[in-house]
Amino acid sequence: MSALTSHPPRREPRSILPWLAAPALVVFIGFAVIPLVGVFVLSFTTWDGIGSIHASGLTSWRAVLTDPGLPHALWVTFLVMAVSWAVQTPASILLGTFLAGRQRYRAVLGVIYFVPLLLSSAAIAIAYKALLDPNFGLGAGLKIGALSQDWLGRPWLAFGVVIFVVSWQFIPFHALIYQGGVQQIPKSLYEAAQLDGAGRVRQFFSITLPQLKYTIITSSTLMVVGSLTFFDLIFVLTEGGPGDATRVLALDMYKRGFQANLMGPASAIAVILVLVGLALALLLRRLGGRDAGDSQLEGA
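Residues numbered from 1 in each chain as written. Predicted model: local features only at pLDDT ≥ 70, side-chain atom pairs only at ≥ 80, totals over all residues. Heavy atoms only, no water.

Here we look at the confidence of the model for the protein chain
A low pLDDT means the predicted coordinates there should not be read in detail.
Logical step 1: Summary statistics for the protein chain give a mean pLDDT of 87 and a share of 91% for residues scoring 70 or more.
Logical step 2: Across residues 292-300 the pLDDT falls below 50, and counting only partners more than four positions away or on other chains, this stretch makes 3 contacts in the model. (pLDDT = per-residue confidence, 0-100. Contact = heavy atoms within 4.5 Å.)

Here it is as structure tokens:
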């Protein structure tokens, strides 16, 4: 008879995932949570940015919420957000789908298209401001009357210039996201569609777009939340003008805090920006239905 040997119960190794996530958690708390709490506390104070801080209750919030300029700044912010999304999303999807091809020249074009994202927003604004100058810009140099308009001196023209420059800078980033999404679509779907006689346009609307659902949600979240922080480009390009035509909420926060030395109201606007961004991110996630990660696991 063979003797049965008993083995001691095997101990499950202690998971190291919490320790791996600890450095990221510390950085997130130090550079996101603590500053956010500090800004929230400052919104209940009176401070000029130099002297002592004095608690003032809801004074800053009343000043902000009763200011007639706040609804206008919110309107301009949401308008920039909506129009830039409507311009960037179709262009990014088409460009990303094009760059997902296996031809070598498309990879070269992808590198060229990515160049605007490497440039500083302030530098881009300075360059476009010089190019659009009606007296010494591109239109005057080429003797083209259509380009010699007062682009930054008329409200709707200035708004259009802001949308164009923002789109020019950030479309490459979102195109890169869509390029990766298109490359993850199984080739068998396109092969089956070709056997059924579907052309490229039909394949795009029947296969590519539905498969990019969660990629669109991710890109739209980054695009929408990122549009709330447009400051440096608009500040250098138009300074919120002409009038208040391009005065977004982030620029309004800067002017209150660093030009008018009203840190309390500026902090209140910062809290409003965070709340609006969080609400929009949750709304887009809700519109996406199931989590994108679950769908990717199902398709793996």
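From this point on, the discussion continues.
Focus on the packing of helix α8 (residues 155-183) against helix α11 (residues 213-227)
Logical step 1: In the contact formed by α8 and α11, the axes pass within 10 Å of each other and the chain directions differ by 165°. When the interaxial angle is binned, α8 and α11 end up roughly antiparallel. Considering only the axes of α8 and α11, their crossing is right-handed. Residues F173, H174, I177, Y178 and G181 of α8 lie in contact with α11, whose contacting residues are T215, I216, S219, L222 and M223.
Logical step 2: In terms of residue class, the contact of α8 with α11 is made up of 6 nonpolar, 4 polar and no charged. (Axes fitted to C-alpha atoms, helices over the stretch in contact; angles between N-to-C directions. Helix = DSSP H or I, 4+ residues; strand = E, 2+ residues; numbered from the N terminus. Parallel < 35°, antiparallel > 145°, perpendicular 65-115°, else oblique. Left-handed = near helix turned anticlockwise from the far one by under 90°. Nonpolar A, V, L, I, M, F, W, Y, C, P; charged D, E, K, R; others polar.)

Some details on the nonpolar core
Logical step 1: In this structure, V80, V161, V165, L233, I234, L237 and V248 are the most contacted members of the largest nonpolar core, which totals 21 residues.
Logical step 2: Only α3 (69-99), α6 (121-131), α8 and α12 (232-237) provide two or more residues apiece to this core.
Logical step 3: Of all the elements, α8 adds the most residues to this core, at 6 residues.
Logical step 4: Filtering out sequence-adjacent residues up to four positions away, V161 remains in contact with L132, W151, L152 and L237. (Core = buried A, V, L, I, M, F, W, Y, C linked by side-chain atoms within 4.5 Å. Buried < 20%, exposed > 50% of the residue type's maximum accessible area, 1.4 Å probe, protein only.)

Quick look at the packing of aromatic side chains
Logical step 1: Taken as a whole, this structure holds 12 aromatic pairs when the rule is applied.
Logical step 2: Relative to W168, the ring of Y128 has its centre 5.6 Å away and its plane inclined at 75°; by these criteria the two rings are edge-to-face. Here Y128 is found in helix α6, whereas its partner W168 is found in helix α8, with 40 residues between them in sequence.
Logical step 3: Of the residues examined, Y128 reaches a relative accessible area of 15% and is grouped as buried.
Logical step 4: Three or more aromatic residues joined by ring pairs make a cluster, and in this case those are F231, F235, Y254 and F258. (Phe/Tyr/Trp six-rings, centres within 6.5 Å; stacked < 30°, edge-to-face > 60°.)

Here's the deal with the side chain of H174
Logical step 1: Residue placement: H174 occurs in helix α8.
Logical step 2: Residue classification places H174 among the buried residues on the basis of a relative accessible area of 4%.
Logical step 3: Side-chain polar atoms of H174 contact the side chain of S219, separated by 2.8 Å.
Logical step 4: Beyond its immediate sequence surroundings of up to four residues, H174 is in contact with Q88, S92, S219, L222 and M223. (Polar contact = N/O pair within 3.5 Å; in protein donor to acceptor, adjacent residues only side chain to side chain.)

Some points on the environment of L109
Logical step 1: Along the chain, the position of L109 falls in helix α4 (residues 104-113).
Logical step 2: Each C-alpha atom of the pair L109 and V39 lies 43 Å from the other, and the pair is 70 residues apart in sequence.
Logical step 3: Those residues in contact with L109 that lie beyond four places of it in its chain are F98 and L99.

Quick word on the environment of I126
Logical step 1: With respect to the helices and strands, the residue I126 is situated in helix α6.
Logical step 2: Classification of I126 by relative accessible area gives exposed; the value is 53%.
Logical step 3: For the pair I126 and A281, spaced 155 residues apart in sequence, the C-alpha separation works out to 31 Å.

Side note on the pattern of salt bridges
Any two side chains of opposite charge can pair if their charged atoms end up close together.
Logical step 1: Evaluated as defined, the whole model comprises 4 salt bridges.
Logical step 2: In this structure, R247 engages D244 in a salt bridge whose closest nitrogen and oxygen atoms are separated by 3.9 Å.
Logical step 3: Overall, the relative accessible area of 39% leaves D244 in the partly exposed class.
Logical step 4: Look at the salt bridges and you will find they share partners, linking D67, D244, R247, D252 and R256 into a network. (Salt bridge = Lys/Arg side-chain N within 4 Å of Asp/Glu carboxyl O.)

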